[in-house]
Amino acid sequence: MGSKCLEKFLKEGLEDLRSKGLYNQIESLESPNGPIIKINGHDLINLSSNNYLGFATNKRMMDAAKKAVDKYGVGAGAVRTINGTLDIHDELERKIAELKDAEAAIAFQSGFNCNAGAIQAIMDKHDAILSDELNHASIIDGCRLSKAKIIRVNHSDMEDLRQKAKEAKESGLYNKIMVITDGVFSMDGDIAKLPEIVEIAEEFDLITYVDDAHGEGVLGKGKGIVSHFGLEGKVDLEIGTLSKALGVVGGCVTGSKDLIDWLKVRARPFLFSTSLTPGAAAAVIEAINILMESSEAVDKVWKNGDYLKKGLKELGFNIGNSETPITPCIIGDEKTAQKFSARLREEGVYAKSIVFPTVPLGTARVRNMPTADHTKEMLDKALEVYAKVGKELGVIK
Ligand SMILES: *Cc1c(COP(=O)(O)O)cnc(C)c1O
């Protein structure tokens, strides 16, 4: 018998979530996470992955990973700062810096670890962080770990940011002030107003930090949000993930050489968690090679995103303010959104419902992520199913 108080806590917690329709049942794929996935023996059109460019199953990348496994084995053997830095980690960091037109780069084991490590390496309890209210959970946790004062900013509200930056600066309470934002907001698909943020940062001497997890491989011909806006050299910390468009796993921070030197001695997940596997490092290097050779995959994901968006909009769905291939279908009520997703699934389309706490209560949605590998036929079939289920559940007329 385990602890009684734990048993009570878990039982009550799970019951509460289930009764509110907030419990997420995890299902396993019996196939790669491509445009068609297999679950419980059924083939489904997949609109839920972050595999924007289809790189998770890219042959060149798979071959690069296999070669690296043959040369280095399956594990790096240690944390980066002891002797877990292989030459391919160095090569990976040079490649990332090249892709991002940055002075230097550091690779982490995940995008989450970048935020868990980089913020607290720079900020402390004598500092303040201006944080967009819709920032990703890993940014929120990273901010908390730093012990800096967290000042929430209304979503993409530049008046509010300016006002709060001015107050923080004039209060004289803080040594350093940082402004931190998602590049592309992952649940809505809108893009941060980075040029204005940089302008406000220059006015009040703010450190700028953008997490471009959903932007790289998608915005700026694949180079990400900084390139999209032509702001090279004007953002202090640019965070990326190697797990979404790049198709593998890991995260990266790019910036000045001094910044990267500092993170390599102060970012805790870099110091205390084993480095990226050789296979992952090699696959990401190849992903960047492919991205720099051709914009074919990037062009395709935009084309597919635009097509799906237009189709859903014409059917009468509320797709919010997306400016990227991320296409939310906002339904509102949590249980209806979950029912919607379940019905899509029965009809052969896998599009996950996203509910609180991932999005605010009452803004539950089904989120669609088309990729470069979807065909027009797949998207047409998905739209047909959307029309049917939408009418059935009274979401559209
Ligand atoms: C997905 C995501 C992360 C986490 O990246 P992983 O590599 O999956 O750990 C961090 N920040 C944002 C904004 C994300 O969307």
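Our subject is the structure that appears above.
Residues numbered from 1 in each chain as written. Predicted model: local features only at pLDDT ≥ 70, side-chain atom pairs only at ≥ 80, totals over all residues. Heavy atoms only, no water.

Draft legend 1. View of the packing of helix H3 (residues 87-99) against helix H11 (residues 278-293). In contact at an axis separation of 9 Å, H3 and H11 are set at 30° when each is read in the N-to-C sense. Taken together, the axes of H3 and H11 lie roughly parallel to each other. The crossing of H3 and H11 is left-handed. Contact residues: H3 offers Ile88, His89, Glu91, Leu92, Lys95, Ile96, Glu98 and Leu99, while H11 offers Pro278, Ala281, Ala282, Val284, Ile285, Ile288, Asn289, Leu291 and Met292. Taken together, the residues that form the contact of H3 with H11 break down as twelve nonpolar, two polar and three charged. (Axes fitted to C-alpha atoms, helices over the stretch in contact; angles between N-to-C directions. Helix = DSSP H or I, 4+ residues; strand = E, 2+ residues; numbered from the N terminus. Parallel < 35°, antiparallel > 145°, perpendicular 65-115°, else oblique. Left-handed = near helix turned anticlockwise from the far one by under 90°. Contact = heavy atoms within 4.5 Å. Nonpolar A, V, L, I, M, F, W, Y, C, P; charged D, E, K, R; others polar.)

Draft legend 2. Quick look at the pairing of strand S4 (residues 128-132). Within S4, five of the five residues are buried, which leaves the element mostly enclosed by the surrounding structure. Here S4 shows a buried face lined by Ala128, Leu130 and Asp132 and a second buried face lined by Ile129 and Ser131. Here S4 pairs with strand S5 (residues 149-153) via five bridges, running parallel. Bridge assignment links Ala128 to a residue of S5, and that residue is Lys149. With helix H5 (residues 137-146) bridging S4 and its parallel neighbour S5, the resulting β-α-β unit is right-handed. The pairing of S4 with strand S6 (residues 177-182) spans four bridges and is parallel. Bridging from a neighbouring strand, Leu130 pairs with Val179 of S6. (Buried < 20%, exposed > 50% of the residue type's maximum accessible area, 1.4 Å probe, protein only. Pairing = 2+ DSSP bridges. Right-handed = clockwise from strand over helix to strand, strands pointing away.)

Draft legend 3. Quick look at the environment of Lys66. Structurally, the position occupied by Lys66 is in helix H2 (residues 59-72). Separated by 58 residues in sequence, Lys66 and Lys8 place their C-alpha atoms 47 Å apart.

Draft legend 4. View of the site of the ligand. Every one of the 14 residues lining the ligand counts as a neighbour, but Gly111, Asp211, Thr241, Ser243 and Lys244 are closest to it. A distance of 2.5 Å separates a nitrogen atom of the ligand from a polar atom in the side chain of Asp211. The side chain of Ser243 places a nitrogen or oxygen atom 2.5 Å from an oxygen atom of the ligand. Out of a free accessible area of 380 Å², the ligand has 85% covered by protein chains. The element that contributes the greatest number of residues to the shell around the ligand is helix H4 (residues 111-122), accounting for three residues. (Near = heavy atom within 4 Å. Polar contact = N/O pair within 3.5 Å; in protein donor to acceptor, adjacent residues only side chain to side chain. Areas by Shrake-Rupley, 256 points an atom, 1.4 Å probe, with all protein chains shown as cover.)

The values reported here are purely geometric and, on their own, carry no functional implication.
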